[in-house]
Amino acid sequence: MTTHIFHNGHVLTGQGFESNTNVVVKNGIISAVLRGDFPASGEFIDLQGGYLVPGFIDVQVNGGGGVLFNNDTSVDAIAAIGRAHRRYGTTGFLPTLISDDAEVMQRAITATHDAIAAGVPGVLGIHLEGPYIAPARKGTHDAGKFRVPGADEVAMATSLDNGITLITLAPERVPADTIRAMAERGAILCAGHTAATYEETLAGIDAGIEGFTHLYNAMTPLQGREPGVVGAALESDCWVGVIVDGVHVHPYNLRLALKLKPPGKVMLVTDAMPMVGSDNPSFDLYGETITAVDGVVRNAAGALAGSALDMASAVRNTVRLLGLPLDEACRMASLYPAVFLGIGDSHGRIEPGFRADLVLLDEDVNVLRSWIGGIE
């Protein structure tokens, strides 16, 4: 078993970035973080003054590398998506299925199970974004796929037994007892693509909703006499995912969320589509060609259709547009999603006992190298 010693860089620890700090990795796990001391032996990895941070975790990845998960629900497709996003620092992700038929959902869950079992790097589980959502806030989803799940479909949607299941739903469309049943079966539930009122959203939270999918987008806004989904999200202690690309949400509204939400409850997501890590700016969804123009992804009707954002750019934008320091932007991409997913005791920190999912950044937040389970 080889011991690797990461040295000569700035290491993101619980105290922020620390220099003169060495990270020791054995068998894919961080065994020590040494300040000023070197172990007696091992293979040294020179960070050359770069910034070593926990690997990014993206809970909403529709595609990458030219692949859309809806169109190719296979282990190979998941691996290709993971490879594309790893170039941008993502070492853990949930392949995300946009609203689709039950048969497609079952294939996606099976492929995710098989990918995890086969050790495909970075796969943590699956995100089912719909189809239990609202036509009035459908975005680019096909309303013809929408439905209210019965007991059999609840069992199918929550059947992944070796990874995390995240489900985005509209609380006004799914009965509270069904939401509770999903939560009891281990799914993490988010409100999204929803036209719910403030009261309906609070009822959903009471039934088991723990987060909100791409805050501000595809949900009822905060208004004077109706706080809506956004008001409930900002008031609650639930997690919220945000797309920081300068297009989906005005920076002011993102800064407002950061001021109102409890510390650690705002996390970065990409909502990425196949053009991330690909030279092809277009892809097909539901038989419609969708194209990114100047980095903005829209369908033929002009609605935003996911993003062309990668996680390194999301971190960079969080620093530049929101004014956060790099260490906090990195936590929003690593530690906070790890805690949200229930894996905060093994992922998202550079501390002894944590997985060696690591990313080396330069001062401009470009990804230089990455390791998943200690393997580059």
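Quick note: structure is the one above.
Residues numbered from 1 in each chain as written. Predicted model: local features only at pLDDT ≥ 70, side-chain atom pairs only at ≥ 80, totals over all residues. Heavy atoms only, no water.

A.B. asks: Before we go on, may I ask you to explain helix α8 (residues 311–322) in this structure?
C.D. replies: Structural remark: α-helix, 3.6 residues per turn; residues separated by three or four positions point the same way. Its twelve residues give α8 an end-to-end C-alpha distance of 15 Å, which sits within 8% of 16 Å, the value for a rise of 1.5 Å per residue. Of all twelve residues in α8, nine are buried, a share of seventy percent or more. Taken together, the buried positions of α8 are Met311, Ala312, Ser313, Ala314, Val315, Arg316, Asn317, Thr318 and Leu322. Here the buried face of α8 lies against β8 (56–61), β11 (90–98), α7 (251–260), β17 (266–268), α9 (326–333) and β22 (367–371). Looking one or two residues beyond α8, the residue adopting positive phi is Gly323, at roughly 80 degrees. (Helix = DSSP H or I, 4+ residues; strand = E, 2+ residues; numbered from the N terminus. Expected span 1.5 Å × (residues − 1). Buried < 20%, exposed > 50% of the residue type's maximum accessible area, 1.4 Å probe, protein only. Contact = heavy atoms within 4.5 Å.)

A.B. asks: Help me understand the pattern of salt bridges in this model?
C.D. replies: Oppositely charged side chains can form a pair if their charged atoms are brought close together. Summed over all chains, the structure comprises eleven salt bridges. Where Arg147 meets Glu153, a salt bridge forms, and the shortest distance between an N and an O atom there is 2.9 Å. Accessibility expressed as a relative area gives 14% for Glu153, which makes it buried. (Salt bridge = Lys/Arg side-chain N within 4 Å of Asp/Glu carboxyl O.)

A.B. asks: I would appreciate a short explanation of the packing of aromatic side chains in the present structure.
C.D. replies: Each aromatic ring pair is characterised by the separation of its centres together with the angle its planes make. Within the structure shown, the criterion is met by three aromatic pairs. Taking the centre distance of 4.9 Å and the plane angle of 85 degrees together, the rings of Phe6 and Trp371 count as edge-to-face. On the criterion of sequence distance, the pair formed by Phe6 in strand β1 (residues 3–7) and Trp371 in strand β22 is long-range, its members being 365 residues apart. You'll find Phe6 and Trp371 in the same group, each marked buried. Summarising the aromatic geometry, the rings of Trp239 and Phe340 are spaced 5.6 Å apart at their centres and angled 55 degrees between planes, so their arrangement reads as tilted. With Trp239 in strand β16 (residues 239–242) and Phe340 in helix α10 (residues 335–340), this pair connects stretches of sequence that are 101 residues apart. Exposure class is identical for Trp239 and Phe340. Each is buried. Its end group placed over the ring of Trp239, Lys265 keeps NZ or CZ at 4.2 Å from the ring centre. (Phe/Tyr/Trp six-rings, centres within 6.5 Å; stacked < 30°, edge-to-face > 60°. Lys NZ or Arg CZ within 6 Å of the ring centre and 35° of its normal.)

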